[in-house]
Amino acid sequence: MFIGIRNLTAAAVLMVSLVGCGANNSRATHDSSYKAQTYQKDGYLGITSVNPNDPLNPTYHHYEDDTGLMKAVLAQLPGIDKAIISINGPIARVKIKPKPELTDAQVNELRSQVETALDTNMPRYNVKVKMER
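Because the structure is a prediction, the values reported are computed rather than measured.

Cut-offs used in this document
- Residues numbered from 1 in each chain as written.
- Predicted model: local features only at pLDDT ≥ 70, side-chain atom pairs only at ≥ 80, totals over all residues.
- Heavy atoms only, no water.
- Pairing = 2+ DSSP bridges.
- Helix = DSSP H or I, 4+ residues; strand = E, 2+ residues; numbered from the N terminus.
- Axes fitted to C-alpha atoms, helices over the stretch in contact; angles between N-to-C directions.
- Buried < 20%, exposed > 50% of the residue type's maximum accessible area, 1.4 Å probe, protein only.
- Right-handed = clockwise from strand over helix to strand, strands pointing away.
- Salt bridge = Lys/Arg side-chain N within 4 Å of Asp/Glu carboxyl O.

### Concerning the sheet that holds strand E3 (residues 126–131)
Item 1. The mixed open sheet is built from three strands, whose spatial order is E1-E2-E3. Since the sheet does not close on itself, it has two edges, and those belong to strand E1 (80–88) and E3, each with one partner. On average, adjacent strands in this sheet sit at an angle of 20° to one another, irrespective of strand direction.
Item 2. Both strand E2 (residues 91–98) and E3 contribute to a ladder of six bridges, which runs parallel. Considered in E3, the bridge of Val94 is made with Val129.

Below, the structure is given as structure tokens:
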């Protein structure tokens, strides 16, 4: 007797839960302001930067390009004899050997210019500048 009541109760709970899961779509089908969106046929559903390391993505960068850009920025600054750049993750370490005729004040000014130029042009890196004499 208890097995029959238990089975009947389980069946009633199952039917109520299934009825509760049904959605009333009458508003969505009759709402004239609802517009379906279409996406590009690129496989990304309209999201263009879902894979930033995709070489076909215009924002794709790698260390060689970033180092080249840093060297180009440093080439515009007078007073640098030699520059060595090493990148490790988000940290870019830059060793600058200033020209020997620069004074200590000019070397400090050059350090400031290097830090500002690299921070402006390479915001994705935490730039650490070391001056060598």
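### Quick notes on the pairing of E2
Item 1. Burial along E2 is one-sided: Ala92, Val94, Ile96 and Pro98 are buried, while Ile91, Arg93, Lys95 and Lys97, pointing the other way, are not.
Item 2. Relative to E2, E1 is paired through eight bridges, and the arrangement is antiparallel. Within E2, the residue paired with Ile80 across the bridge is Pro98.
Item 3. From the end of E1 to the start of E2, which pair antiparallel, there are two residues, and Gly89 there has a positive phi angle of about 65°.
Item 4. Regarding the hand of the β-α-β motif, the stretch spanning E2, helix H4 (residues 104–121) and E3 is right-handed.

### Brief notes about the pattern of salt bridges
Side chains that carry opposite charge are capable of pairing whenever their charged atoms lie near each other.
Item 1. Applying the stated criterion across every chain yields a total of two salt bridges.
Item 2. Here Asp66 ties to Arg124 by a salt bridge, and the two come within 3.1 Å at their closest N and O atoms. Here the residue Asp66 occupies a position in helix H3 (residues 63–75), and Arg124 occupies one in the loop between H4 and E3, the gap between them amounting to 58 residues.
Item 3. For Glu132, the salt bridge identified is with Lys95, shortest N-O distance 4.0 Å. Taken together, the residues span a long stretch of sequence, with Glu132 in the segment after E3 and Lys95 in strand E2 at a distance of 37 residues.
Item 4. Given the relative accessible area of 32%, Glu132 is considered partly exposed.

So, to be careful, I would describe these as geometric facts and stop short of saying anything about function.
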